[in-house]
Protein chains: 8
Amino acid sequence: MDKHQILELLHQVKDGTAAPEEALLKLKLSPFEDLGYAKIDHHRGIRQGVPEVIYGQGKTPEQILGIVKAMSDRGAENILITRMSGDAAEFVQESIALDYHPIPKIGIVGRCKEVTAQGKIVVATGGTSDLAVAEEAALTAEVLGNEVERLYDVGVAGLHRLLANLDVLMQAKVVIAVAGMEGALASVVGGLVDCPVIAVPTSIGYGASFGGVSALLSMLNSCASGVSVVNIDNGFGAGYLASMINHIGGAV
Amino acid sequence: MDKHQILELLHQVKDGTAAPEEALLKLKLSPFEDLGYAKIDHHRGIRQGVPEVIYGQGKTPEQILGIVKAMSDRGAENILITRMSGDAAEFVQESIALDYHPIPKIGIVGRCKEVTAQGKIVVATGGTSDLAVAEEAALTAEVLGNEVERLYDVGVAGLHRLLANLDVLMQAKVVIAVAGMEGALASVVGGLVDCPVIAVPTSIGYGASFGGVSALLSMLNSCASGVSVVNIDNGFGAGYLASMINHIGGAV
Amino acid sequence: MDKHQILELLHQVKDGTAAPEEALLKLKLSPFEDLGYAKIDHHRGIRQGVPEVIYGQGKTPEQILGIVKAMSDRGAENILITRMSGDAAEFVQESIALDYHPIPKIGIVGRCKEVTAQGKIVVATGGTSDLAVAEEAALTAEVLGNEVERLYDVGVAGLHRLLANLDVLMQAKVVIAVAGMEGALASVVGGLVDCPVIAVPTSIGYGASFGGVSALLSMLNSCASGVSVVNIDNGFGAGYLASMINHIGGAV
Amino acid sequence: MDKHQILELLHQVKDGTAAPEEALLKLKLSPFEDLGYAKIDHHRGIRQGVPEVIYGQGKTPEQILGIVKAMSDRGAENILITRMSGDAAEFVQESIALDYHPIPKIGIVGRCKEVTAQGKIVVATGGTSDLAVAEEAALTAEVLGNEVERLYDVGVAGLHRLLANLDVLMQAKVVIAVAGMEGALASVVGGLVDCPVIAVPTSIGYGASFGGVSALLSMLNSCASGVSVVNIDNGFGAGYLASMINHIGGAV
Amino acid sequence: MDKHQILELLHQVKDGTAAPEEALLKLKLSPFEDLGYAKIDHHRGIRQGVPEVIYGQGKTPEQILGIVKAMSDRGAENILITRMSGDAAEFVQESIALDYHPIPKIGIVGRCKEVTAQGKIVVATGGTSDLAVAEEAALTAEVLGNEVERLYDVGVAGLHRLLANLDVLMQAKVVIAVAGMEGALASVVGGLVDCPVIAVPTSIGYGASFGGVSALLSMLNSCASGVSVVNIDNGFGAGYLASMINHIGGAV
Amino acid sequence: MDKHQILELLHQVKDGTAAPEEALLKLKLSPFEDLGYAKIDHHRGIRQGVPEVIYGQGKTPEQILGIVKAMSDRGAENILITRMSGDAAEFVQESIALDYHPIPKIGIVGRCKEVTAQGKIVVATGGTSDLAVAEEAALTAEVLGNEVERLYDVGVAGLHRLLANLDVLMQAKVVIAVAGMEGALASVVGGLVDCPVIAVPTSIGYGASFGGVSALLSMLNSCASGVSVVNIDNGFGAGYLASMINHIGGAV
Amino acid sequence: MDKHQILELLHQVKDGTAAPEEALLKLKLSPFEDLGYAKIDHHRGIRQGVPEVIYGQGKTPEQILGIVKAMSDRGAENILITRMSGDAAEFVQESIALDYHPIPKIGIVGRCKEVTAQGKIVVATGGTSDLAVAEEAALTAEVLGNEVERLYDVGVAGLHRLLANLDVLMQAKVVIAVAGMEGALASVVGGLVDCPVIAVPTSIGYGASFGGVSALLSMLNSCASGVSVVNIDNGFGAGYLASMINHIGGAV
Amino acid sequence: MDKHQILELLHQVKDGTAAPEEALLKLKLSPFEDLGYAKIDHHRGIRQGVPEVIYGQGKTPEQILGIVKAMSDRGAENILITRMSGDAAEFVQESIALDYHPIPKIGIVGRCKEVTAQGKIVVATGGTSDLAVAEEAALTAEVLGNEVERLYDVGVAGLHRLLANLDVLMQAKVVIAVAGMEGALASVVGGLVDCPVIAVPTSIGYGASFGGVSALLSMLNSCASGVSVVNIDNGFGAGYLASMINHIGGAV
């Protein structure tokens, strides 16, 4: 129930076509966002061109297919499925066209996304083993309408690889820095660029990396300004936030 | 040494006014940022209207005054001093005009900052005890040229206080969510708005709040998209990042 | 040995049908609860209509069946088996009628439970992946004679879903709030209702959720009054406690 | 705005004394709790005989006095101030009659509370050093209208002290078990009684007690059914919850 | 109520001088230890020559004096007060003869203890800074009637100091190994001797010693057989246990 | 090289049958224990009737068999193999008579052990799931020549089960308390008995039991005197230490 | 681009065969290390006789083979592959001669390495189960041109085994101390020798060893001078650093 | 008793001037290091030109002075006192000439140290607040006879500061990298240089720096080869180890 619907209801009350008591019930029962807080609905709702997201982990192939179909029926043109197993992808592909990326375990249903924001998002990783998380971020950002440039394996232990790509970093509107182990990439990048840096710790590593905790702490303690952190391995969250920030800079 | 200087040096080599060996030496010795990566210098340098920042903790009043004077001599018009003790403020005020805020322990030297970005930053807190961190964020953002609106004591245990201010939240370009204890504010706000939410855990609390760890973990695990996290009590970092994002949205 | 038995023994001593020394030995050897602390026995004992509980984890199918049979022989009409594998369920079902719920891994032996308490228990979850733990709580409460209403997937990142169900929450005598990740549901619900809220952190999540630790800390730090916490994934404990509280409110 | 006010507004729209647009605005701007969710207001509101609570920690004596006065002006007859320093108590006592308890650091303003619930709350502690937290729980429960019986220093290392008081425990409607160090009291009590046990870990101890973490974990892992846990040292929370449960059992 | 008292009561019932109902009440109300479990009473009771122990931390000088006097009145000849501040000691010494040891903060009231066990207890420390904890252990053991030999500053980083004292270690009935930092002393000693080794981690150290956690973990992981561990800084506990074991070996 | 061998060597030097330089070399090269520190050798050496111990985890069946054979060749009559897989047991049994216990994963080679110590060791567990660790302790103690009595499933949540067996506990020379989850058994037993209690935390449990950490902390914080702790799941270590203490009490 | 190439470029500018603008572009685009910081290139580059290293974990057999081939094509004569599965080894061996060590999971491609440093590296372990990590260190050091002596199973619980090998330790230029559980080996060795000790905690152990954390903390807290620590199980890092230090001592 | 003394003793036995039994006793009683393991004695002994070290923390001014005097009496020419308070320094200076450095809290007694090693040690810090720890390292290394170059405030968030000093880093024989917060300096430096890097985490920072834990983990996880780590704030240990390595490179 949006503003116009409430207004119409009130007019019905005025016209006598709706009893006050009946209107009260409708107002009370209608979902909260119907009272005019349309933004809530916007956030996860189905709008033209904004993809719907399904978190695939812990869902059966059948459940995923069911949700995809229900979304399509409700008009979703673009659906992003994260943490989707290869088995689930195969199962869904039997019924619906799905573009599946096995390394980041991402499935994309629907038309190809055009770029809708002016700026560029750079996704940088410390090592090649951070690739899966980085691609989750990169694909998410692309599906959400962003131009993405990848700078993989530019960890700080071989600084020249990073410095050789300074121009790329400098042109970014947002940088997503993905790194496990010591997680120093975020700080170094944060000191080099003048734009927001979204740090994604990864669970890559062994021993005292403690499944990403070392990288997480390192990133939270970054001395560089403009760095903020998302959950360990949360490539999707970083890509989503980067897109949000990039779109503030204006549409194409 | 910037692009033009390198070009000039190369012309001198061509003209024979500089020997190739001499040029090699100059190229090698010149600081890295002189090779044209001016952004590095920009980042912490003194530019017109961008404040210089001093981290006051662990510095003596004399040291702070010394740095402030040196910065002023080099042309800084606007200096922000964070984590500055009352004693240090009094000491500096004897020599230089300083606007001191005792709760967030922030000192500001120089002319009042005009607003330079179009959007608005909302700083929300879970409780009144998060005030000091929130003010560090808010003042930082203001000094950096942003319009800031404060929404204090809107914690999730009294949800109506937050919901009653939904309009304020909805108009924000960036929200800074400051909370200790269970830190749930970031998630709830993140689910209500459509803009980036910067979560700041605070060390406020007792027992199993573990000096902010509980709030930090809670914020990192936020199920709402668009939420990222800075270090515990890092109001300055949140304010700085919020300003960065807000200025992407265009100047006034 | 209960009060009456002790009294009888003492009368036998008086009558001379039992020697004092013999009575002394009986008193000393009888189990502690026989001295009149009948409540101890009540707690886990077999009474009319109160189900016996078996913790299935780590027990072989044969062991579970053996215990079930022994309980039945001792008169148990209603047996709840938690954390029971599908294999164990199949094995037991070959010998005894067992109602098995595969998601919460709960098996129920015996007659259907009628409702014995007046109030209603609401079980709410933050996400669909908390379902297994929530169902363990809900089924436990139902078997113990409570009316249970389920409110699943009402996490705080989509606040309208929770608010749309305020009426349900308001009518609860006890709420069980089941959530992983940031665990904020308990605080938000605790701020909305006026009854006890039992918070159950779940191990659902990844990265910095640390197997439920993040949710656990968040719930322990809840700023809302009336919230208490049980162990991670302890749906049974929550359901049992909720039933205990609900029955204080009076029988049907 | 409650149900009646909304209904009245709708009648005004029907009568033509209020324009639909005007009514829409009122509906949108009215605080959330005005939409009929009166329970929210009840929760922290001022009602006849229910005390208002002030969390004293981190507030200046002047601030506490100010809040107390404001509450009194709004009709509060009974105000509970937790974590109140002796200095603050002295300061407030100069202006207002305040009953101050130095060990649990609790101040009580207003008329003596009569008992409003039928059942009895037992507060048990493992040692004498848990007294402060226990008294915070006990006084909170008393101010909220409960009969409270104290069982202090009945720790499990001297089991006979606890067993000698079984009758007291057996008569409780709710037990609050307060213990530091190994925190075993909650489990032992939980195994003896048939009512809800609220476990409060305390920060009392040294070494591997880690400020209450050991007791907290011990209590969360309790094998006894009916036990739930609140934050370390959170006597107030336990007293509040115990009162909530005790009042379910019916008024005096 | 001991065995004889119960028997007497039963004879009274038989004689008719006590009614069965009256006897029932007496049996139920008598403290648990009265039922014949005299060992419980022994454990902390006052017997000839066994010292009473007061944990001084958190008690006021007045409280300590009060307890000491009450114990003396009940016949205690030997009282050990642990974690007693110098102020408390001075206060008590004004009223009662007290032997105070400032480094381990131990006060001893009463006659000098003669040795009652045959074996010898060796207390070894890794460094000189572990002295306070070691002395708490050593004095406790001495007051409890043991011959104690001190081997201080024999840490494993200077192995020759330890090896030069092998003869002393070899003659021990029990060894108490007190060490902070890496806590390796317990393992090395455990590998050298053939008797029980009680390991006491101390909170001495800095950085990654984490207040004794490093030493605690090291000691728990000891590869040497015969090593067990008490709480960080728990010199009293180690001394008490060592005395218990030493007395198993027979009296002087 | 033992005392006698050194003496003989010195006599050879005196007799001129050994050159001083040659003797020097022998003294220097001979293992440390040969210098007379025979206890070291005693500790792990092969003596009449003391079993040799093999830690089976991480060793192949072939390796275990090889070590067993080598030990037998060197005269070992009694060999205890801990953490031995069923496969390894089957493999060894093909060559050598081996008594295998599948639950504690213990294999015993050699003649049956007679009891060599006077006292009795009681092994108590909190639940049935602690059985494997408890049996590792009990069998170890039995092989080492102790009479062992088992008290399983006497956890504190059902206190009457423990109290009903007080007589058994009272007769113990040493008690081994094995418990997971809240680990309260050690404290309760420690408060009831007057002999050393060796606490063994187990990794049994889920959620906040953190693989035995909760029980470990609980046991370290025990308020009962005479309690010490070994590593999580270290049944062997507890059995070995218990035997050591029990043998102090004198041989049969 | 090395020094000579830059100089040549500058000469080309001087000669007019390269335009200044063109040279500027080349300088800017050339990787950072081309500006003369040849050491960077040295670090991971391909030089005569220094092996290339591949971290095998997380790479498919095909990827490993591909990298090996590419390195060989670029002239690498000696390639070390760490954490290589047996399957990967078999796959690579079908195409290229590979020396595979299954316990430390190391593969070596290329000619046998001669010793290039004067000193000797001693690799010591606490137990036999630390072998895999120790061999990773030893083989790495050998491939890098060092003489390595192995001292396995010399843990501190059997000190005589270590002391019997003091001569070996004394002759080392660097010692690598590999130990799990209590990790005391590093401290004891550090106290015995006068050379750098590189401590490698291993994840071997159970219970409170916490996957190597206990050993790690123990080693960081070593009271012996000259001890430093690498990551848990990081045999390669220790071997590499030991070789670095050993080569400081001069070439053969 | 060194080699020569043992040989002399054996000759006395041969000559008949010493009885074999007497010699046996001497051999057994002489301290371990007397058997020829002179290196042990060397390690902490007083040799020409090697300073004696006193750990000042926890020692009274009187104790420190006493130890200094005793050392001087035994011939120590050079004494380093770490973690020495200003008060202790003043007290000692009244009796003995002491060079006191207040920031790293280091006192030096005795003649100025000449440089004895060829190489240079570089001490680099991430920020100015790491100065105290860095100076502890630098002064230790200088007192031990090394040339030290300081590179302070070259943290990775301002990479150009570090890169501008690459030449200094390149010339080091050993680098000590001192950093708090994210601790990334060690990795970046480790990737730039070809010599051992000793990483020292500092407790500088706030929030999620957890007193140096974040920097510690970051450094342990360094992807750069040649990096090892010492305890948090252990500047002395790093300086000592650096000197050890530097002296391997040869004397001046």
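Note that this is a predicted model, so its numbers are computed, not measured. (Residues numbered from 1 in each chain as written. Chains lettered and ligands numbered in written order. Predicted model: local features only at pLDDT ≥ 70, side-chain atom pairs only at ≥ 80, totals over all residues. Heavy atoms only, no water.)

A word on the overall build of chain A. Scanning chain A from terminus to terminus reveals eleven helices and nine strands. For chain A, the proportion of contacts with a sequence separation of at least 24, taken over those separated by at least 6, is 68%. A total of about 8900 Å² of accessible surface is found on chain A, and carbon and sulfur atoms cover 52% of it. (Helix = DSSP H or I, 4+ residues; strand = E, 2+ residues; numbered from the N terminus. Contact = heavy atoms within 4.5 Å. Areas by Shrake-Rupley, 256 points an atom, 1.4 Å probe, with all protein chains shown as cover.)

Look at the UniProt record and you will see "domain: PurE" (unreviewed entry) annotated at residues 119-251 of chain A. Taken end to end, residues 119-251 of chain A comprises 40% helix and 19% strand; its first and last C-alpha atoms sit 9 Å apart. (UniProt positions renumbered as here; feature names shortened; annotations may be inferred.)

Before going further, it helps to examine the pairing of strand β5 (residues 120-125) of chain F. Consecutive side chains along a regular strand alternate between the two faces of the sheet. Residue and element names in this part refer to chain F. Burial of β5 is extensive: six of the six residues sit out of reach of the surface. The side-chain alternation of β5 yields two buried faces, one formed by Lys120, Val122 and Ala124 and the other by Ile121, Val123 and Thr125. Alignment of β5 against strand β6 (residues 147-151), held across five bridges, turns out to be parallel. From the neighbouring strand, valine 123 faces β6, where its bridge partner is arginine 150. A crossover connection joins β5 to the parallel β6 through helix α6 (residues 131-143); in handedness this β-α-β unit is right-handed. Pairing analysis gives five bridges linking β5 to strand β7 (residues 174-179), with the strands arranged parallel. What sits directly across from valine 123, in β7, is isoleucine 176. (Buried < 20%, exposed > 50% of the residue type's maximum accessible area, 1.4 Å probe, protein only. Pairing = 2+ DSSP bridges. Right-handed = clockwise from strand over helix to strand, strands pointing away.)

Residue and element names in this part refer to chain E. With respect to topology, four strands assemble into an open sheet ordered β1-β2-β4-β3, the strand pairing being mixed. Each edge of the open sheet is held by one strand with a lone partner, namely β1 (52-55) and β3 (98-101). Direction aside, the axes of adjacent strands within the sheet are offset by 15° on average. Across four bridges, β3 lies against strand β4 (residues 106-110) in antiparallel orientation. Within β4, the position partnered with leucine 98 by the bridge is valine 109. Contacts from helix α6 (residues 131-143) reach β2 (78-82), β3 and β4 within the one sheet, and its direction differs from that of β4 by about 15°. (Axes fitted to C-alpha atoms, helices over the stretch in contact; angles between N-to-C directions.)

Tracing the backbone through its elements, the reader meets Glu182(H) in the loop between β7 (174-179) and α9 (185-192). The buried category is assigned to Glu182(H), whose relative accessible area is 5%. For Glu182(H), the residues in contact, after removing those within four places along its chain, are Ser187(A), Ser218(A), Asn221(A), Ser222(A), Cys223(A), Val156(H), Ser214(H), Ala215(H) and Ser218(H).

Attention shifts here to helix α4 (residues 61-73) of chain H. Residue and element names in this part refer to chain H. With 13 residues, α4 extends 18 Å from end C-alpha to end C-alpha; this agrees with the ideal 18 Å at 1.5 Å per step. Of all the residues in α4, the buried ones are Ile64, Leu65, Val68 and Met71. Here the buried residues of α4 occupy an arc of 130° about the axis, which is enough to place them on one side. Structurally, α4 contributes buried residues whose contacts are with β1 (52-55), β2 (78-82), α5 (86-93) and β4 (106-110). Looking at the residues trailing α4, positive phi occurs at glycine 75, about 105°. (Expected span 1.5 Å × (residues − 1). Arc of directions from axis to C-beta.)

In this section: the domain arrangement of chain A. All names here are of chain A. Considered domain by domain, chain A is made up of domain 1 (3-10 + 31-109) and domain 2 (120-247). On the domain 2 side, the residues contacting the twelve residues of domain 1 number twelve residues. Together domain 1 and domain 2 conceal approximately 1000 Å² of surface at their shared face, both sides included; 75% is due to carbon and sulfur atoms. Together, Arg83, Ile103 and Pro104 form the three largest contributors to the area buried by domain 1 at its contact with domain 2, with a combined 38%. Put simply, domain 1 and domain 2 have one salt bridge between them. Across the pair glutamate 136 and arginine 83 runs a salt bridge whose closest N-O atoms are separated by 3.6 Å. In this assembly, domain 1 and domain 2 are joined by one residue pair in polar contact (both at pLDDT 80 or more). (Domains from an automatic or database assignment. Buried area = accessible area lost by both parts, 1.4 Å probe. Salt bridge = Lys/Arg side-chain N within 4 Å of Asp/Glu carboxyl O. Polar contact = N/O pair within 3.5 Å; in protein donor to acceptor, adjacent residues only side chain to side chain.)

Another point: the packing of helix α6 (residues 131-143) of chain C against helix α11 (residues 235-248) of chain C. All names here are of chain C. Here α6 crosses α11 at 35°, and the two axes come no closer than 7 Å. As α6 runs across α11, the sense of the crossing is right-handed. Of the residues in α11, those touching α6 at Val133, Glu136, Ala137, Thr140 and Ala141 are Gly235, Phe236, Gly239 and Tyr240. In terms of residue class, the contact of α6 with α11 is built from five nonpolar, three polar and one charged. (Left-handed = near helix turned anticlockwise from the far one by under 90°. Nonpolar A, V, L, I, M, F, W, Y, C, P; charged D, E, K, R; others polar.)

Since one α-helical turn is 3.6 residues long, residues separated by three or four positions face the same way. All names here are of chain B. All of the buried residues along helix α5 (residues 86-93) are Ala88, Ala89 and Val92. Projected down its long axis, α5 carries its buried residues within an arc of 100°, all on one side. Counted as exposed and oriented over 90 degrees from the buried face of α5: Asp87 and Glu90. For α5, the secondary structure elements touched by its buried residues are α4 (61-73) and β3 (98-101).

Okay, the environment of Lys173(G) next. Along the polypeptide, Lys173(G) turns up in the loop between α8 (166-170) and β7 (174-179). The exposure class of Lys173(G) is partly exposed, given its relative accessible area of 28%. Beyond its immediate chain neighbours, meaning those up to four positions away, Lys173(G) contacts Gly119(G), Lys120(G), Cys195(G), Pro196(G), Asn246(G), Gly249(G) and Ile248(H).

On to unusual backbone geometry, then. Of note in this structure, Asp233(A) is not a glycine but carries a positive phi near 70°. With respect to the helices and strands, Asp233(A) occurs in the loop between β9 (227-229) and α11 (235-248). Take Asp233(A): its relative accessible area is 15%, and that puts it in the buried class. A positive phi angle, near 55°, is found at Lys105(E), a position not held by glycine.

Moving on, we get to the confidence of the model for chain A. Residues and elements named next belong to chain A. With 84% of its residues at a pLDDT of at least 70, chain A reaches an overall mean of 82. Of all secondary-structure elements in chain A, the lowest mean pLDDT belongs to helix α3 (residues 38-44), at 29, while strand β8 (residues 197-201) reaches the highest, 97. Low confidence marks residues 28-49, where pLDDT is under 50. Its contacts with residues over four positions away, or in another chain, come to 58 contacts. Prediction confidence for the complex, expressed as pTM and ipTM, is 0.85 and 0.81 respectively. (pLDDT = per-residue confidence, 0-100.)

Looking now at the sheet that holds strand β3 (residues 98-101) of chain F. All names here are of chain F. Spatially, four strands are ordered β1-β2-β4-β3 in an open sheet, and the strand pairing comes out mixed. Looking at strand neighbours, the two that pair on one side only are β1 (52-55) and β3, the edges of this open sheet. Direction aside, the axes of adjacent strands within the sheet are offset by 15° on average. Two elements, β1 and strand β2 (residues 78-82), share four bridges in a ladder whose sense is parallel. Note that in β2 the partner of valine 53 across the bridge is leucine 80.

This part is about the packing of helix α4 (residues 61-73) of chain D against helix α5 (residues 86-93) of chain D. Two numbers describe a pair of packed helices, the interaxial angle and the distance between the axes. Residue and element names in this part refer to chain D. Interaxial distance between α4 and α5 falls to 9 Å at its minimum, and their mutual angle equals 50°. On the basis of the axis angle, α4 is oblique to α5. As for how α4 packs across α5, the hand of that crossing is right-handed. Listed contacts from α5 to Pro61, Glu62, Ile64 and Leu65 of α4 are Ala88, Phe91 and Val92. (Parallel < 35°, antiparallel > 145°, perpendicular 65-115°, else oblique.)

The next point concerns the pattern of salt bridges. Tallied over the entire structure, the rule returns 32 salt bridges over all chains. The residue Lys120(B) makes a salt bridge to Glu149(B) at a minimum N-O spacing of 2.8 Å. With Lys120(B) in strand β5 (residues 120-125) and Glu149(B) in strand β6 (residues 147-151), this residue pair connects regions lying 29 residues apart in the sequence. Classification of Glu149(B) as partly exposed rests on a relative accessible area of 27%. One salt-bridge network, in which partners are shared between bridges, spans Glu135(A), Glu142(A) and Arg150(A).

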